[in-house]
Amino acid sequence: MFNDTVECMDIKDMAWPVDGAGISAFLRSLPARPALLGLGEARHFVGELGELRNEVFRYLVEHEGYRSFAIESDCLKALVVDDYLATGAGTLDDVMERGFSHRFGTTPANRELVRWMREYNREHDERLRFFGFDGPLEYWAASPREALTALHALLDGPLPHTLETIDELLGPDERWSDEATAMDPSRSIGQSADARRLRLVADDLLGLLDTQAPRLGERDAERAALYARTAVGLLRYHHWMADTSPERWSRLSALRDAMMAANLRAVAARGRPALAFGHNLHLQRNKSAMRFGDQELEWWSAGAIAATHLGDRYAFLATALGTAGDDVPPPDSVEGILSALPWDRFLVDARRLPEALSEATPRVSSDFAYFPLDPARLGTMDGIAFVGTAVHLDSVT
């Protein structure tokens, strides 16, 4: 039988408040100063998690030298937000509508984050940067037109492929962005003759980018690299959208996270530490698993891939929820045990939890959008940001 008193006393010794002192203590507990700190979401569209994230990021900017924020949103759309933060041109309403995918522009916490980052940049010389680390895809993929044509425009001299050729091979964008391809691979054009030729075009442009790197300024070089890896990644994803094998969805999930990891590594390479905010499944260090219809998908997460390259310069702080709406955790689950502590929000050293929670059982949540903490995986996290009660939940459909 689980011993509440002993376990809670042990956990209190490894917990910190979600304030400046607590965040600082967590960072100092890490083996190295992270170039990239991944803050995971246990569930999308939870207002309390967005508010906690904003508090953490403000502290990291003001006291720990963080200068970049990356979110699990379309990497190309995010350029709209980054430009707004730099110039203030346009309106916040327009930026929130055009600068996010996945409906993330509708959340109050994201709006407040963008507003605060713009205000910070207006008052400081060293500006904050905003990035999306997802590709222009989710269960289906967008047309590679934007990435290919923008890359083409940044290259100089006579190029082996004209914009007219690229446009002809692309055809109407609708045949690329058909959402029905998610469930029906026969509708995908990803393995058509035109798509195969476009993959060669993208490879040629990527090669030319390397040869012209010396003539590009920092901004153009950064964007050209983004366009190049997005174009190559999208065409690769479309290719496997047309696959009919049983491994189709596991492969697509892995390709998406590989694109995320490449974007995260580019953010980390900027030289100042960055905070990345996305689902726990994408930022965790271990393999991700998800039920999809009658299949059990498994793939290496973006966090696991990034950590392979960054080593201990990548840190992962998961989030977890106690009572979320009508969903109450069993008392012997990790979330149930953490809920018994006398605080509603706190950070805890996850590396020390496995011994203290050796008898915890997996939580089975009634909320399909919530992914509970796995007691067997606690040691793969650096910490957990726990919110005991969440009432501001939105639909994820």
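The structure presented is a predicted model; accordingly, all values stated were derived computationally and were not measured.

Conventions we followed
- Residues numbered from 1 in each chain as written.
- Predicted model: local features only at pLDDT ≥ 70, side-chain atom pairs only at ≥ 80, totals over all residues.
- Heavy atoms only, no water.
- Axes fitted to C-alpha atoms, helices over the stretch in contact; angles between N-to-C directions.
- Helix = DSSP H or I, 4+ residues; strand = E, 2+ residues; numbered from the N terminus.
- Parallel < 35°, antiparallel > 145°, perpendicular 65-115°, else oblique.
- Contact = heavy atoms within 4.5 Å.
- Nonpolar A, V, L, I, M, F, W, Y, C, P; charged D, E, K, R; others polar.
- Pairing = 2+ DSSP bridges.
- Phe/Tyr/Trp six-rings, centres within 6.5 Å; stacked < 30°, edge-to-face > 60°.
- Buried < 20%, exposed > 50% of the residue type's maximum accessible area, 1.4 Å probe, protein only.
- Lys NZ or Arg CZ within 6 Å of the ring centre and 35° of its normal.
- Polar contact = N/O pair within 3.5 Å; in protein donor to acceptor, adjacent residues only side chain to side chain.

(A) Region of interest: the packing of helix 7 (residues 145-154) against helix 8 (residues 163-170). Where helix 7 meets helix 8, the axes come as close as 11 Å, and the angle between the chain directions of the two elements is 170°. By the angle between their directions, the pair helix 7 and helix 8 is classed as roughly antiparallel. Where helix 7 abuts helix 8, its residues Arg 145, Leu 148, Thr 149 and His 152 lie against Leu 163, Ile 166, Asp 167 and Leu 170. Classifying every residue of the contact of helix 7 with helix 8 gives 4 nonpolar, 2 polar and 2 charged.

(B) Summary view of the sheet that holds strand 5 (residues 274-279). Spatially, 1-9-10-8-2-5-3-4 is the arrangement adopted by the 8 strands of the open sheet, whose pairing is mixed. Of all the strands in the sheet, the pair left with one neighbour each is strand 1 (15-17) and strand 4 (129-134). Between one strand axis and the next, the sheet turns through 25° on average, direction left out of account. Looking at chain direction, strand 3 (residues 68-74) and strand 4 are connected through 5 bridges and run parallel. Bridge pairing in strand 4 places Ser 68 opposite Arg 129.

(C) Focus on the packing of aromatic side chains. Scanning the model with the defined rule gives 12 aromatic pairs in all. The interplanar angle of 45° and the centroid separation of 4.9 Å between the aromatic rings of Trp 249 and Phe 292 together place this pair among those described as tilted. Here Phe 292 lies in strand 6 (residues 287-292) and Trp 249 lies in helix 11 (residues 248-268), a separation of 43 residues in the sequence. Here the two residues Trp 249 and Phe 292 agree in accessibility, since each one is buried. Taken together, the aromatic side chains of Phe 57, Phe 69, Phe 100, Trp 116, Tyr 120 and Phe 130 make up a single cluster linked through ring pairs. Sitting above the plane of the Phe 277 ring, Arg 53 keeps its charged end 4.8 Å from the centroid. Above the plane of the ring of Trp 240 lies Arg 251, whose end atom (NZ or CZ) is 4.2 Å from the centre.

(D) Layout of helix 4 (residues 78-87). Along helix 4, the residues that are buried comprise Ala 78, Leu 79, Val 81, Asp 82, Tyr 84 and Leu 85. Packed against the buried residues of helix 4 are strand 3, helix 5 (92-98), helix 6 (108-123), strand 4 and helix 10 (218-241). In the stretch just after helix 4, Gly 88 is the one whose phi turns positive, near 75°.

(E) Here's a closer look at the side chain of His 239. Tracing the sequence through the fold places His 239 in helix 10. In this structure His 239 comes out as buried when scored by relative accessible area, which is 18%. Other than its neighbours up to four places away in sequence, His 239 contacts Gly 190, Gln 191 and Arg 199.

(F) Quick peek at the environment of Ser 366. Following the sequence through the fold, Ser 366 ends up in the loop between helix 15 (353-356) and strand 10 (383-390). Polar contacts involving the side chain of Ser 366 include one to the side chain of Asp 327, which spans 3.2 Å.

Just distances and angles here, no functional claims.
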